[in-house]
Amino acid sequence: MSQSNFDTALARVKELVADFRANENFYLSPAYQEQEARRDFIDKFWMALGWDINHDTQKNPYEQEVKVERKEHGVSQRRADYAFYLMPNYRDVKFYVEAKKPHGDIATADNYFQTVRYGWNSQTPIAVLNDFEQFEIVDCRFEANIDTALSRNIRKFHFSDYENAGKFAEIYWLFSREAVASNSIEKFVATLPRKLPKNAQPGDVDEKFLKELDEHREHLARAFKNQNPDLEGECLTELTQRTLDRLVFLRFLEDKAIEPQNRIAHFGEKGTAWQDFIAESRRLDGIYNGIVYKKHGILDSPDFKIAEKDFAEICGRFSHKNSPYDFNAIPIHILGSIYERFLGKVITTTDKRAKVEEKPEVRKAGGVYYTPDYIVRYIVENTVGKLIEGKTPAQISEMRFADIACGSGSFLLGVYDYLLRYHTKYYTENRSKMKSSKGKKADKADCVEREDGLHLTLEKKRDILQNNIYGVDIDAQAVEVAQLSLYLKLLQDETPASARQYYLDFEQQALLPSLSKNIVCGNSLIGTDILDGQLFERTEERKLNPMNFEDAFPQIFKRKPWGELRETASPMDFDMPGVPLHGSFSYKKMKNAPSLKVSPPPVEPEFEGGFDAIVGNPPYVRPHNLDAITKQYFWKHYPTFTHKSDLYCCFMEKATALLKPGGRFSYIVSQGWLRLNSFQELRRFILGNHRVIELIELPYNVFTEAQVSTGMFVFEKGKADKTHAMAILRARQIHGGAEFETLRKIPQQTFLTTFQNVFDISISPETEAVKDKMRLGTVIGENFDICFGLKTAADDKFLHHSEGLHREDKPLLRGDDVKRYETKYKGEFVWYVPQKMRANKTTARPGEPRRFEQPKILVKDTSTDFACTYDAEKFYVKDVLIVIPKTDEPCQFDLRFVAACINSKALHFYYRTTFQTLHVQSEELASLPLPKIEFSKANDEQRHDRMVQMVEQMLEARKCLASAQTDKDKTYFENKCASLDRQIDALVYELYALTEVEIKIVEGNVA
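Since this is a predicted model, take the numbers as computed values, not measurements.

(A) Fine view of the sheet that holds strand E24 (residues 809-813). The strand order E23-E27-E24-E30 describes an open sheet built from four strands, whose pairing is mixed. A single partner strand is all that each edge strand has here, and the edge strands are strand E23 (799-800) and strand E30 (876-877). Here E24 runs beside E30; their pairing, made up of two bridges, is parallel. Bridged to Leu813 within E30 is Val877.

(B) Up close: helix H37 (residues 996-1006). Burial in H37 covers these residues: Glu998, Ile999 and Val1002. One side of H37 holds all its buried residues, which, seen down the axis, span an arc of 100°. Exposed residues pointing more than 90 degrees away from the buried face of H37 are listed as Glu996, Val997, Lys1000 and Gly1004. Those residues of H37 hidden inside the fold are in contact with helix H28 (765-774), helix H33 (905-912) and helix H36 (967-992).

(C) Representation of the state of the cysteines within the structure. Applying the stated criterion to the full structure yields zero disulfides. Here Cys960 is not cross-linked by a disulfide; its sulfur's nearest cysteine counterpart is in Cys977, at 8.7 Å.

(D) Structural view of the packing of aromatic side chains. In the structure shown here, the tally under the stated rule is 80 aromatic pairs. The interplanar angle of 55° and the centroid separation of 4.8 Å between the aromatic rings of Tyr27 and Tyr32 together place this pair among those described as tilted. By the burial criterion, Tyr27 is buried, and Tyr32 matches it. Centre to centre, the rings of Phe45 and Phe135 are 5.9 Å apart; their planes meet at 50°, and the pair counts as tilted. With Phe45 in helix H3 (residues 34-48) and Phe135 in strand E5 (residues 134-139), this pair connects stretches of sequence that are 90 residues apart. Using a relative accessible area of 0% as the deciding quantity, one classes Phe135 as buried. One residue, Arg38, lies across the ring of Tyr82, its end atom 4.9 Å from the ring centre. Positioned above the aromatic ring of Tyr910, the side-chain terminus of Lys771 is 5.6 Å from the ring centre.

The rules we used
- Residues numbered from 1 in each chain as written.
- Predicted model: local features only at pLDDT ≥ 70, side-chain atom pairs only at ≥ 80, totals over all residues.
- Heavy atoms only, no water.
- Pairing = 2+ DSSP bridges.
- Helix = DSSP H or I, 4+ residues; strand = E, 2+ residues; numbered from the N terminus.
- Buried < 20%, exposed > 50% of the residue type's maximum accessible area, 1.4 Å probe, protein only.
- Arc of directions from axis to C-beta.
- Contact = heavy atoms within 4.5 Å.
- Disulfide = S-S within 2.5 Å.
- Phe/Tyr/Trp six-rings, centres within 6.5 Å; stacked < 30°, edge-to-face > 60°.
- Lys NZ or Arg CZ within 6 Å of the ring centre and 35° of its normal.

Pasting the structure below:
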């Protein structure tokens, strides 16, 4: 925005200053109230800075850049007076403003503490304390502390400063809308010192609250166990979880003022703290319903015992008087992230003790990783958002959206939030189409008018939640938290008056709907058929927790009549040339059957119905971390789940079985499935059953603590036609979120012919055209055997540097000893005794001597340093791939010719644009195409032999370079090697018949 807009703002604020100065004594008197100051000055000040305070243009309350808290009948909902956002992200607050009346000094410890509390709990780094006379910028990055709150001041301004262009510019270029849109807040915060204020504790709100919850759980578990020694770990886990959930939910109601009194602080005044807590739970169950306050057979029993002192201490820490947390300001998705990590632990018991431990699966995975909110939003917008686009609320009410591994419910929250925003926008733009209350009761109303625009009624939000949202998780505590999170979201926008009115209008009907048929506990991947003919211990069966979707959701899944079921799946209607089935590798098979029909995995029992969209972040678990029963079941029921794939393959396969035709699903998963050979079956399955809408690369550190590269996808159920192209996007992290950039579009059919159907997202029509031309010749694997070097399984016993130690010693090269056209022998030996190696450890793979004791090509096994050399010295090797002639088929290609091709720029280009593995695989090496040579033609034979001669010269030149003593000799042989390299590359280009344009494409990709 130009300087003239600053000038306009300055002029308008000068007018406000003049008005304030004209009646300053009155405005500073006790009679002049905060609401008047906001209307007369504070609102207008922020309007001058470009913000739509009165919502003159932003009518939809879900799409407003300023949320203004107005006191309802003199009662505040305990929110900051102004919360500022920036479109299109109306979820994350950029900064708060807390308003006060001008009378007195606003710089009090209470005012600062309140302001810091708002900011810290919502993870908003700075806020403003403002009564127009004074304007104070407050540091909210650290936990609030009443004793040191005043030290949080960053900058102060008096209203007379607003007239000074220089001082007003400091405010304008930090807080005006145009400044905030240019990331002024982030830039400013980056300049602030990170030093903790005095007495402040390190940690963001999520880290602090998680730590406190962990402490409360451990304290409660021991207190419960001490008084009730028969309780076992699973029951204790449930009891402590339910107790804490009740306290969190009640604090949320208190902080929103839906419950007008701060009840936790008074537990123990009528009876014991525990008796008052149980009595309050029974009262709240009658009002709110839901899983949280539902009567529990043990917890709510009069026989249940707990030490009064222990529970009273926890209530004291939880009460609003002592707690630094503001549950009205903590974003619900942040609460979800806290709970997701909290659920990673369980309580275990002995006869007398209880302790908290990480779940075994969490320990193996290295922790629990919560999906960032910007990932959730993107996935929801591109599945649910695309499906409901242009639809009416009546049409949407018939749609079903699910997360079948929902955890604490982050994706379900994202879906629910999106639906609430969509409905509010629809009714704001189509007021004539909404139902309105005709009488006293609001049972037919869709919306209610408030000061800031239309809001969905509580009844409408209940309907959306029950009609549209479904979830499954194997963990009962996760199901409870997911329901709790959705309940908090349901009540988030309610006011004390609206909650009371609903309770009156619906004749004291509970505010919260039952979600027992929406969010269920069960195993999404294992059906009850696992019990057929098998006997399980009770604990085993409960751990498996098998579930059938048609039983859990009969309103969504109805079995088709038996006569309509197919015994087997139909074959795919496309061919996948040159790709073997089930990961087997045979170039003879490829040659004899160049076009193989591929059948999809056996289908699940067929249903009428299904989900319209499935979203989520499924568990990542390698097969070796699963128990034998589970693995056997998955191998039988999920063909995409192979011995080296991942559990998320099963979730991807299951999702498509649960989707309606045309339904969408999107996950964030490891990038491995796009390229690793162990995921080939999954890629086949996706290509044959889905339209791939998008593949999205994500920054490596999406999950900060997890060393895994992740990506997202969006699929649509249904076969892709030949014209369908998928979009390739890349996400770039910015200020806790991300920008998504479309890189290119690639026809989906392209991946039917890539090696092992690898999803090479760097692919382009230009590179594919060059590669197609290179594929006209034969492949290495059709002419040569590809072998691995030896593996002793006990290097300390069989490898050494002492010459003559054993009669069976052989000179050994490792991968690092193999260079481009040369070897660096370091005097190492292998005691080559195959029988002893195998007897020592069954994992030993010594290999037969033939592969070592003949001329061969040695290829480094690291893809980042893809190179080879020709070896005629009979070295034994480890961590190296070996290329040798086939025993039963004569070959006219000389190994030195093949080595030249592997080291050429042309095959480097082919390799790097085809494979993305960390280590060179034998299948990859075997699939590399050699130039088309017709040895019956004299010209071709001459070019082949010329290549062999150049390689001989290169090998000799490399030896001479390695032993050169003088700089003159080094320079000479370096130049000779470079010259030979150019000549070899030129001849390879010639043999592949590449044009100048195609050579530029090759060299542009290997630079």
